[in-house]
Amino acid sequence: MTENDPHGQGPEAQDKPDNSAGNEYAAPNPWSAQSAHSEQPQHNPYAATPGQQYYQQYQPTGTAVYPPPQQHQQQRGQGAGKLVAGVAVLALLVGGGAGAVGGYLASDGSTSSASSLEAPQPARQTGNAPAGSVEAVAQKVSPSVVQLQVVGRGGQANGGSGFVIDGNGYVLTNNHVVENAANGGGQIQIVFQDGRKAPATVVGRDPSSDVAVVKAEGVSGLTPVELGRSDDLKVGQGVVAIGSPFELSGTVTSGIVSALHRPVKAGGDQGSQATVMDAVQTDAAINPGNSGGPLANMAGQIVGINSAIYSPPSSGQSQGGNVGIGFAIPIDQARRTADEIIKTGKATQTFIGATVTDAPEGGAAIREITPGSPAEQAGLKAGDVVTKIDERLVDSSDALVAAIRTKTPGDKVKLTLASNNVIEVTLGGQPVPTN
(Lines give C-alpha, C1' and ligand atoms only; values in the text may rest on other atoms or scores of the structure.)
Protein backbone atom coordinates (compact mmCIF):
# COMPACT_ATOMS: atom_id res chain seq x y z
CA MET A 1 0.00 0.00 0.00
CA THR A 2 1.11 3.53 -0.53
CA GLU A 3 0.66 6.60 1.52
CA ASN A 4 -2.83 6.68 0.19
CA ASP A 5 -3.76 3.17 1.16
CA PRO A 6 -2.56 0.58 3.70
CA HIS A 7 -3.32 -2.33 1.54
CA GLY A 8 -2.45 -5.94 1.05
CA GLN A 9 -3.58 -8.78 -1.13
CA GLY A 10 -6.55 -11.14 -1.07
CA PRO A 11 -9.67 -12.19 -2.98
CA GLU A 12 -10.64 -9.55 -5.49
CA ALA A 13 -13.44 -8.55 -7.78
CA GLN A 14 -11.64 -9.59 -10.94
CA ASP A 15 -8.40 -11.31 -11.82
CA LYS A 16 -5.69 -8.76 -12.51
CA PRO A 17 -2.06 -9.53 -13.43
CA ASP A 18 0.56 -8.60 -10.88
CA ASN A 19 2.36 -5.84 -12.74
CA SER A 20 4.50 -4.53 -9.89
CA ALA A 21 5.75 -6.69 -7.07
CA GLY A 22 5.18 -5.11 -3.69
CA ASN A 23 2.72 -2.63 -5.09
CA GLU A 24 -0.42 -2.58 -3.04
CA TYR A 25 -2.48 -2.24 -6.17
CA ALA A 26 -0.92 -5.18 -7.96
CA ALA A 27 -1.94 -8.37 -6.20
CA PRO A 28 -4.04 -10.62 -8.46
CA ASN A 29 -7.21 -11.94 -6.92
CA PRO A 30 -10.15 -13.72 -8.52
CA TRP A 31 -12.92 -11.88 -6.74
CA SER A 32 -14.87 -9.59 -8.95
CA ALA A 33 -17.53 -7.01 -8.34
CA GLN A 34 -20.05 -6.47 -11.02
CA SER A 35 -18.81 -3.06 -11.77
CA ALA A 36 -19.28 -0.97 -14.79
CA HIS A 37 -15.99 -2.51 -15.94
CA SER A 38 -16.44 -6.14 -15.00
CA GLU A 39 -19.68 -7.34 -13.57
CA GLN A 40 -22.08 -6.05 -16.13
CA PRO A 41 -22.77 -8.14 -19.19
CA GLN A 42 -21.77 -5.84 -22.02
CA HIS A 43 -24.04 -7.39 -24.62
CA ASN A 44 -27.46 -7.22 -23.04
CA PRO A 45 -30.09 -5.07 -24.78
CA TYR A 46 -33.35 -4.76 -22.92
CA ALA A 47 -36.40 -3.23 -24.55
CA ALA A 48 -37.31 0.18 -23.20
CA THR A 49 -40.53 0.65 -21.32
CA PRO A 50 -42.84 3.42 -22.54
CA GLY A 51 -41.38 6.81 -21.78
CA GLN A 52 -37.87 5.45 -21.19
CA GLN A 53 -36.24 5.90 -24.57
CA TYR A 54 -32.74 6.31 -23.21
CA TYR A 55 -32.90 3.04 -21.26
CA GLN A 56 -33.25 0.82 -24.29
CA GLN A 57 -29.98 -0.94 -23.55
CA TYR A 58 -30.59 -1.48 -19.83
CA GLN A 59 -28.83 -4.40 -18.18
CA PRO A 60 -28.36 -5.29 -14.52
CA THR A 61 -25.23 -5.20 -12.45
CA GLY A 62 -24.61 -6.08 -8.92
CA THR A 63 -22.49 -9.03 -7.93
CA ALA A 64 -18.98 -10.26 -8.06
CA VAL A 65 -17.57 -12.91 -10.32
CA TYR A 66 -14.69 -15.19 -9.35
CA PRO A 67 -12.92 -15.93 -11.51
CA PRO A 68 -14.09 -13.56 -14.27
CA PRO A 69 -16.23 -15.12 -17.00
CA GLN A 70 -14.29 -16.85 -19.76
CA GLN A 71 -16.50 -15.37 -22.46
CA HIS A 72 -19.20 -12.79 -22.75
CA GLN A 73 -22.74 -13.95 -22.43
CA GLN A 74 -24.85 -13.57 -25.54
CA GLN A 75 -27.09 -10.55 -25.51
CA ARG A 76 -29.25 -10.58 -22.40
CA GLY A 77 -32.29 -9.54 -24.35
CA GLN A 78 -31.97 -12.74 -26.31
CA GLY A 79 -31.15 -14.75 -23.17
CA ALA A 80 -34.14 -13.35 -21.33
CA GLY A 81 -36.35 -14.19 -24.27
CA LYS A 82 -35.15 -17.77 -24.30
CA LEU A 83 -35.71 -18.07 -20.57
CA VAL A 84 -39.26 -16.78 -20.85
CA ALA A 85 -39.90 -19.00 -23.84
CA GLY A 86 -38.52 -21.98 -21.96
CA VAL A 87 -40.78 -21.29 -19.00
CA ALA A 88 -43.75 -20.94 -21.34
CA VAL A 89 -42.99 -24.24 -23.04
CA LEU A 90 -42.61 -25.95 -19.68
CA ALA A 91 -45.94 -24.58 -18.52
CA LEU A 92 -47.60 -25.79 -21.70
CA LEU A 93 -46.06 -29.21 -21.36
CA VAL A 94 -47.20 -29.53 -17.76
CA GLY A 95 -50.66 -28.32 -18.65
CA GLY A 96 -50.87 -30.69 -21.60
CA GLY A 97 -49.66 -33.61 -19.54
CA ALA A 98 -52.14 -32.89 -16.79
CA GLY A 99 -54.93 -32.71 -19.31
CA ALA A 100 -54.00 -36.02 -20.86
CA VAL A 101 -53.80 -37.79 -17.51
CA GLY A 102 -57.09 -36.24 -16.42
CA GLY A 103 -58.76 -37.50 -19.58
CA TYR A 104 -57.45 -40.98 -19.02
CA LEU A 105 -58.65 -41.11 -15.42
CA ALA A 106 -62.07 -39.87 -16.42
CA SER A 107 -62.38 -42.61 -18.98
CA ASP A 108 -61.13 -45.16 -16.46
CA GLY A 109 -64.45 -45.10 -14.66
CA SER A 110 -63.19 -43.73 -11.35
CA THR A 111 -66.09 -43.09 -8.91
CA SER A 112 -64.26 -41.24 -6.16
CA SER A 113 -66.46 -38.47 -4.74
CA ALA A 114 -63.64 -36.48 -3.07
CA SER A 115 -62.41 -33.47 -5.03
CA SER A 116 -60.06 -30.67 -4.06
CA LEU A 117 -61.82 -28.41 -6.52
CA GLU A 118 -65.12 -28.79 -4.67
CA ALA A 119 -63.68 -28.12 -1.21
CA PRO A 120 -64.29 -24.59 0.14
CA GLN A 121 -61.42 -22.11 0.08
CA PRO A 122 -59.69 -21.50 3.41
CA ALA A 123 -60.36 -18.25 5.23
CA ARG A 124 -58.42 -15.26 3.95
CA GLN A 125 -55.29 -14.54 6.00
CA THR A 126 -55.57 -11.06 7.43
CA GLY A 127 -53.11 -11.12 10.34
CA ASN A 128 -49.70 -9.48 10.35
CA ALA A 129 -46.61 -11.45 9.43
CA PRO A 130 -44.95 -13.05 12.49
CA ALA A 131 -42.20 -10.88 13.95
CA GLY A 132 -38.76 -12.09 12.95
CA SER A 133 -40.01 -13.87 9.83
CA VAL A 134 -38.73 -13.32 6.31
CA GLU A 135 -42.20 -12.09 5.42
CA ALA A 136 -42.07 -9.45 8.15
CA VAL A 137 -38.63 -8.28 7.03
CA ALA A 138 -39.81 -8.03 3.43
CA GLN A 139 -42.87 -6.01 4.45
CA LYS A 140 -40.72 -3.60 6.44
CA VAL A 141 -37.77 -3.13 4.07
CA SER A 142 -39.18 -3.54 0.55
CA PRO A 143 -40.93 -0.13 0.37
CA SER A 144 -37.49 1.50 0.77
CA VAL A 145 -35.67 -0.58 -1.86
CA VAL A 146 -35.25 0.91 -5.33
CA GLN A 147 -34.01 -0.12 -8.75
CA LEU A 148 -31.34 1.99 -10.45
CA GLN A 149 -31.19 2.27 -14.24
CA VAL A 150 -27.95 3.83 -15.39
CA VAL A 151 -26.82 5.02 -18.81
CA GLY A 152 -23.16 5.98 -18.86
CA ARG A 153 -20.92 7.84 -21.24
CA GLY A 154 -21.22 6.49 -24.75
CA GLY A 155 -24.64 5.02 -24.06
CA GLN A 156 -23.38 2.05 -22.04
CA ALA A 157 -26.28 0.88 -19.86
CA ASN A 158 -26.38 -1.05 -16.63
CA GLY A 159 -28.43 -1.26 -13.49
CA GLY A 160 -28.50 -2.27 -9.89
CA SER A 161 -30.27 -1.72 -6.60
CA GLY A 162 -30.23 0.73 -3.73
CA PHE A 163 -32.19 1.76 -0.65
CA VAL A 164 -33.60 5.00 0.70
CA ILE A 165 -31.73 6.51 3.68
CA ASP A 166 -33.49 9.87 3.78
CA GLY A 167 -37.08 10.90 3.13
CA ASN A 168 -35.97 13.62 0.72
CA GLY A 169 -34.47 11.22 -1.81
CA TYR A 170 -30.98 10.15 -0.71
CA VAL A 171 -30.27 6.58 -1.80
CA LEU A 172 -27.33 4.39 -0.78
CA THR A 173 -25.88 2.02 -3.40
CA ASN A 174 -22.57 0.67 -4.77
CA ASN A 175 -20.02 2.86 -6.49
CA HIS A 176 -19.68 0.33 -9.30
CA VAL A 177 -23.40 0.66 -10.08
CA VAL A 178 -23.27 4.41 -10.75
CA GLU A 179 -19.66 5.25 -11.61
CA ASN A 180 -20.37 5.22 -15.37
CA ALA A 181 -22.76 8.10 -14.85
CA ALA A 182 -20.59 10.03 -12.38
CA ASN A 183 -19.16 13.49 -13.08
CA GLY A 184 -22.01 14.41 -15.39
CA GLY A 185 -21.16 11.68 -17.85
CA GLY A 186 -24.47 9.86 -17.91
CA GLN A 187 -28.01 9.54 -16.61
CA ILE A 188 -29.51 7.73 -13.64
CA GLN A 189 -33.16 6.88 -13.16
CA ILE A 190 -34.57 5.51 -9.92
CA VAL A 191 -37.61 3.25 -9.94
CA PHE A 192 -39.44 3.07 -6.62
CA GLN A 193 -41.44 0.13 -5.33
CA ASP A 194 -44.74 1.77 -6.21
CA GLY A 195 -43.63 2.27 -9.82
CA ARG A 196 -42.76 5.96 -9.58
CA LYS A 197 -39.66 7.04 -11.45
CA ALA A 198 -37.33 9.96 -10.87
CA PRO A 199 -34.03 11.14 -12.34
CA ALA A 200 -31.11 11.11 -9.92
CA THR A 201 -27.62 12.57 -9.59
CA VAL A 202 -24.50 11.28 -7.87
CA VAL A 203 -23.91 13.14 -4.60
CA GLY A 204 -20.57 11.47 -3.96
CA ARG A 205 -18.84 8.12 -4.12
CA ASP A 206 -15.97 6.16 -2.64
CA PRO A 207 -14.37 3.58 -4.97
CA SER A 208 -12.19 2.31 -2.11
CA SER A 209 -15.22 1.07 -0.16
CA ASP A 210 -17.53 0.65 -3.19
CA VAL A 211 -20.11 3.00 -1.64
CA ALA A 212 -22.02 5.76 -3.40
CA VAL A 213 -24.87 8.12 -2.53
CA VAL A 214 -27.31 9.36 -5.18
CA LYS A 215 -30.24 11.73 -4.79
CA ALA A 216 -33.58 11.35 -6.53
CA GLU A 217 -34.87 14.66 -7.81
CA GLY A 218 -38.33 16.06 -7.13
CA VAL A 219 -39.38 13.52 -4.50
CA SER A 220 -40.19 13.76 -0.80
CA GLY A 221 -41.91 11.81 1.92
CA LEU A 222 -39.98 8.61 1.15
CA THR A 223 -39.66 5.87 3.76
CA PRO A 224 -36.02 5.43 4.85
CA VAL A 225 -34.66 2.11 6.06
CA GLU A 226 -33.58 1.44 9.63
CA LEU A 227 -29.83 0.92 9.85
CA GLY A 228 -28.49 -1.80 12.14
CA ARG A 229 -25.01 -2.62 13.44
CA SER A 230 -22.79 -4.92 11.43
CA ASP A 231 -20.36 -5.33 14.32
CA ASP A 232 -23.13 -7.19 16.19
CA LEU A 233 -23.48 -9.84 13.50
CA LYS A 234 -22.93 -13.47 14.41
CA VAL A 235 -22.18 -16.37 12.11
CA GLY A 236 -25.34 -18.41 11.59
CA GLN A 237 -27.89 -15.69 12.19
CA GLY A 238 -30.61 -15.16 9.60
CA VAL A 239 -30.45 -12.40 6.97
CA VAL A 240 -32.59 -11.26 4.04
CA ALA A 241 -31.40 -9.76 0.74
CA ILE A 242 -33.68 -7.56 -1.36
CA GLY A 243 -32.94 -6.11 -4.79
CA SER A 244 -33.43 -6.33 -8.55
CA PRO A 245 -31.51 -9.35 -9.86
CA PHE A 246 -31.81 -9.54 -13.65
CA GLU A 247 -34.30 -6.62 -13.52
CA LEU A 248 -36.69 -8.59 -11.29
CA SER A 249 -37.34 -5.70 -8.92
CA GLY A 250 -38.42 -6.38 -5.35
CA THR A 251 -36.89 -9.86 -5.27
CA VAL A 252 -36.51 -11.24 -1.73
CA THR A 253 -34.10 -14.03 -0.79
CA SER A 254 -33.02 -15.30 2.61
CA GLY A 255 -30.14 -17.15 4.20
CA ILE A 256 -27.66 -16.80 7.02
CA VAL A 257 -24.44 -15.00 7.82
CA SER A 258 -21.92 -17.56 6.59
CA ALA A 259 -18.76 -15.80 7.75
CA LEU A 260 -17.43 -12.43 8.88
CA HIS A 261 -14.33 -10.37 8.08
CA ARG A 262 -13.76 -11.79 4.61
CA PRO A 263 -11.17 -9.60 2.82
CA VAL A 264 -12.68 -9.23 -0.64
CA LYS A 265 -11.70 -6.96 -3.51
CA ALA A 266 -14.75 -5.55 -5.16
CA GLY A 267 -15.87 -2.50 -7.05
CA GLY A 268 -14.91 -0.48 -10.06
CA ASP A 269 -11.15 -0.40 -9.53
CA GLN A 270 -10.62 -3.73 -11.27
CA GLY A 271 -9.55 -5.48 -8.10
CA SER A 272 -6.65 -3.34 -6.87
CA GLN A 273 -6.03 -3.20 -3.16
CA ALA A 274 -7.77 0.16 -3.12
CA THR A 275 -11.06 -1.76 -3.16
CA VAL A 276 -10.48 -4.30 -0.40
CA MET A 277 -13.47 -4.52 1.92
CA ASP A 278 -14.06 -6.36 5.17
CA ALA A 279 -17.03 -8.27 3.83
CA VAL A 280 -19.95 -10.07 5.42
CA GLN A 281 -20.38 -13.45 3.70
CA THR A 282 -23.90 -14.80 3.20
CA ASP A 283 -25.59 -17.68 1.42
CA ALA A 284 -28.70 -15.60 0.66
CA ALA A 285 -29.09 -15.69 -3.11
CA ILE A 286 -27.42 -12.65 -4.75
CA ASN A 287 -27.24 -12.26 -8.52
CA PRO A 288 -26.40 -9.61 -11.14
CA GLY A 289 -28.59 -6.61 -10.39
CA ASN A 290 -28.53 -7.11 -6.61
CA SER A 291 -25.56 -4.78 -6.23
CA GLY A 292 -26.31 -1.87 -3.93
CA GLY A 293 -29.34 -3.55 -2.39
CA PRO A 294 -29.73 -4.11 1.34
CA LEU A 295 -28.83 -7.11 3.46
CA ALA A 296 -31.11 -7.00 6.51
CA ASN A 297 -31.20 -8.85 9.81
CA MET A 298 -34.39 -10.50 11.00
CA ALA A 299 -35.46 -7.31 12.76
CA GLY A 300 -35.54 -5.57 9.38
CA GLN A 301 -32.45 -3.48 10.11
CA ILE A 302 -29.90 -3.03 7.33
CA VAL A 303 -26.56 -4.65 8.19
CA GLY A 304 -24.85 -4.63 4.79
CA ILE A 305 -24.86 -3.54 1.15
CA ASN A 306 -24.81 -6.47 -1.26
CA SER A 307 -21.83 -6.09 -3.56
CA ALA A 308 -20.16 -9.28 -4.77
CA ILE A 309 -20.53 -13.01 -5.36
CA TYR A 310 -18.17 -15.91 -5.85
CA SER A 311 -18.48 -17.86 -9.09
CA PRO A 312 -16.21 -20.90 -9.42
CA PRO A 313 -14.49 -21.61 -12.75
CA SER A 314 -16.10 -25.05 -12.95
CA SER A 315 -19.58 -23.54 -13.06
CA GLY A 316 -19.36 -23.24 -16.83
CA GLN A 317 -21.35 -20.02 -16.74
CA SER A 318 -20.59 -17.20 -19.13
CA GLN A 319 -21.92 -14.79 -16.51
CA GLY A 320 -21.59 -15.01 -12.75
CA GLY A 321 -24.60 -16.31 -10.87
CA ASN A 322 -25.47 -17.33 -7.35
CA VAL A 323 -23.69 -20.36 -5.90
CA GLY A 324 -24.48 -19.55 -2.29
CA ILE A 325 -21.42 -17.37 -1.59
CA GLY A 326 -22.18 -13.67 -1.58
CA PHE A 327 -20.55 -10.66 0.05
CA ALA A 328 -21.87 -7.45 1.53
CA ILE A 329 -20.18 -4.24 2.67
CA PRO A 330 -20.65 -3.91 6.46
CA ILE A 331 -23.17 -1.15 7.18
CA ASP A 332 -21.01 0.36 9.95
CA GLN A 333 -18.37 1.26 7.39
CA ALA A 334 -20.91 2.29 4.73
CA ARG A 335 -22.78 4.47 7.21
CA ARG A 336 -19.70 6.53 8.06
CA THR A 337 -18.85 6.93 4.39
CA ALA A 338 -22.39 7.91 3.40
CA ASP A 339 -22.58 10.46 6.20
CA GLU A 340 -19.35 12.09 5.01
CA ILE A 341 -20.55 12.14 1.41
CA ILE A 342 -23.88 13.77 2.25
CA LYS A 343 -22.24 16.40 4.47
CA THR A 344 -19.18 17.18 2.35
CA GLY A 345 -19.61 15.50 -1.04
CA LYS A 346 -16.45 13.47 -0.40
CA ALA A 347 -15.30 10.42 1.53
CA THR A 348 -12.23 9.96 3.70
CA GLN A 349 -9.97 6.93 3.44
CA THR A 350 -8.27 5.46 6.51
CA PHE A 351 -4.58 4.63 6.00
CA ILE A 352 -1.27 3.94 7.76
CA GLY A 353 1.10 4.83 4.92
CA ALA A 354 2.93 1.60 4.17
CA THR A 355 3.23 -0.86 1.31
CA VAL A 356 2.36 -4.41 2.38
CA THR A 357 2.44 -7.85 0.85
CA ASP A 358 1.77 -11.40 1.99
CA ALA A 359 4.46 -12.82 4.26
CA PRO A 360 5.61 -16.36 3.39
CA GLU A 361 5.06 -17.49 6.97
CA GLY A 362 1.66 -15.80 7.14
CA GLY A 363 0.72 -12.25 8.01
CA ALA A 364 1.25 -8.90 6.31
CA ALA A 365 4.86 -7.96 5.54
CA ILE A 366 5.77 -4.27 5.49
CA ARG A 367 7.61 -3.48 2.26
CA GLU A 368 7.98 0.30 2.30
CA ILE A 369 7.16 3.10 4.73
CA THR A 370 5.98 6.51 3.51
CA PRO A 371 7.96 9.31 5.16
CA GLY A 372 5.91 11.23 7.68
CA SER A 373 3.11 8.66 7.63
CA PRO A 374 1.34 7.17 10.68
CA ALA A 375 3.38 3.99 10.13
CA GLU A 376 6.69 5.85 10.36
CA GLN A 377 5.56 7.88 13.34
CA ALA A 378 4.61 4.67 15.16
CA GLY A 379 8.01 3.07 14.51
CA LEU A 380 7.08 0.46 11.92
CA LYS A 381 9.95 -0.57 9.65
CA ALA A 382 10.34 -2.34 6.33
CA GLY A 383 10.56 -6.07 7.00
CA ASP A 384 8.17 -6.07 9.95
CA VAL A 385 5.43 -8.70 9.71
CA VAL A 386 2.05 -7.87 11.22
CA THR A 387 0.19 -10.89 12.62
CA LYS A 388 -2.59 -9.18 14.60
CA ILE A 389 -4.48 -5.90 14.64
CA ASP A 390 -5.94 -5.43 18.10
CA GLU A 391 -7.38 -8.89 18.87
CA ARG A 392 -7.95 -9.88 15.25
CA LEU A 393 -5.58 -12.31 13.55
CA VAL A 394 -3.94 -11.13 10.32
CA ASP A 395 -3.07 -13.97 7.94
CA SER A 396 -2.54 -11.91 4.77
CA SER A 397 -1.90 -8.38 3.59
CA ASP A 398 -5.50 -8.04 2.44
CA ALA A 399 -6.70 -9.01 5.91
CA LEU A 400 -4.72 -6.09 7.35
CA VAL A 401 -6.05 -3.71 4.71
CA ALA A 402 -9.64 -4.84 5.31
CA ALA A 403 -9.31 -4.45 9.06
CA ILE A 404 -7.86 -0.94 8.75
CA ARG A 405 -10.61 -0.02 6.27
CA THR A 406 -13.22 -0.60 8.97
CA LYS A 407 -11.59 1.95 11.27
CA THR A 408 -12.04 5.72 11.42
CA PRO A 409 -9.20 8.20 10.87
CA GLY A 410 -7.79 9.07 14.29
CA ASP A 411 -8.49 5.63 15.77
CA LYS A 412 -5.63 3.98 17.66
CA VAL A 413 -4.88 0.34 16.89
CA LYS A 414 -2.34 -2.11 18.27
CA LEU A 415 -0.33 -4.07 15.72
CA THR A 416 1.29 -7.28 16.93
CA LEU A 417 4.42 -8.23 14.98
CA ALA A 418 5.89 -11.66 14.32
CA SER A 419 8.68 -10.65 16.70
CA ASN A 420 6.00 -10.35 19.42
CA ASN A 421 6.54 -6.61 19.63
CA VAL A 422 3.34 -4.57 19.89
CA ILE A 423 3.19 -1.16 18.21
CA GLU A 424 0.35 1.34 18.64
CA VAL A 425 -0.55 3.29 15.50
CA THR A 426 -2.83 6.30 15.21
CA LEU A 427 -4.50 5.89 11.84
CA GLY A 428 -4.54 8.73 9.35
CA GLY A 429 -7.16 9.89 6.89
CA GLN A 430 -7.18 11.51 3.46
CA PRO A 431 -9.76 12.29 0.76
CA VAL A 432 -10.53 9.39 -1.55
CA PRO A 433 -9.73 10.13 -5.20
CA THR A 434 -12.64 9.45 -7.53
CA ASN A 435 -10.90 9.94 -10.87
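Provided above is the structure to which this section pertains.
Residues numbered from 1 in each chain as written. Predicted model: local features only at pLDDT ≥ 70, side-chain atom pairs only at ≥ 80, totals over all residues. Heavy atoms only, no water.

Draft legend 1. Main features of the overall build of the chain. Regarding its fold elements, the chain presents six helices and 22 strands. Expressed as a percentage of the 435 residues in the chain, the buried residues total 51%. Restricting the contact set of the chain to residue pairs at least 6 apart, pairs at least 24 apart contribute 65%. For the chain, the accessible area works out to roughly 18,900 Å², and carbon and sulfur atoms hold 52% of it. (Helix = DSSP H or I, 4+ residues; strand = E, 2+ residues; numbered from the N terminus. Buried < 20%, exposed > 50% of the residue type's maximum accessible area, 1.4 Å probe, protein only. Contact = heavy atoms within 4.5 Å. Areas by Shrake-Rupley, 256 points an atom, 1.4 Å probe, with all protein chains shown as cover.)

Draft legend 2. Just the pairing of strand β17 (residues 364–369), in detail. In this structure, strand β16 (residues 354–358) lies alongside β17, joined through five bridges in antiparallel fashion. Looking across to β17, one finds that T355 is bridged to E368. Connecting the antiparallel pair β16 and β17 is a turn made up of five residues, with G362 showing a positive phi of about 100°. With two bridges connecting them, β17 and strand β18 (residues 385–389) associate as antiparallel partners. (Pairing = 2+ DSSP bridges.)

Draft legend 3. Fine view of helix α4 (residues 331–344). Compared with the 20 Å implied by 1.5 Å per residue over 14 residues, the 19 Å span of α4 between its first and last C-alpha is a close match. Count one or two residues on from α4 and you reach G345, which has phi positive near 85°. (Expected span 1.5 Å × (residues − 1).)

Draft legend 4. View of the sheet that holds strand β4 (residues 170–173). Taken together, six strands build a closed barrel; the order of strands is β2-β3-β4-β7-β6-β5 and the barrel is antiparallel. Neighbour-to-neighbour, the strand axes of the sheet open up by a mean angle of 40°, direction not taken into account. Judged from the seven bridges that link them, strand β2 (residues 145–151) and strand β3 (residues 157–164) form a sheet pairing that is antiparallel. Among the inter-strand pairings, L148 is bridged to a residue of β3, identified as G160. (Axes fitted to C-alpha atoms, helices over the stretch in contact; angles between N-to-C directions.)

Draft legend 5. Fine view of the packing of aromatic side chains. Across all of its chains, the model carries zero aromatic pairs by this definition. Over the aromatic face of F192 sits the side chain of R196, whose NZ or CZ is 5.3 Å from the ring centroid. The ring of Y170 has K215 sitting right over it, with the charged end atom 5.5 Å from the ring centre. (Phe/Tyr/Trp six-rings, centres within 6.5 Å; stacked < 30°, edge-to-face > 60°. Lys NZ or Arg CZ within 6 Å of the ring centre and 35° of its normal.)

Draft legend 6. Up close: the pattern of salt bridges. Taken as a whole and judged by the stated rule, the model has 10 salt bridges. D339 is paired through a salt bridge with K343; the nearest N and O atoms lie 3.2 Å apart. Within this pair, D339 and its partner K343 are both found in helix α4, separated by four residues, close to a single helical turn. Overall, D339 belongs to the partly exposed group, its relative accessible area being 38%. (Salt bridge = Lys/Arg side-chain N within 4 Å of Asp/Glu carboxyl O.)

Nothing here speaks to function; it is geometry throughout.
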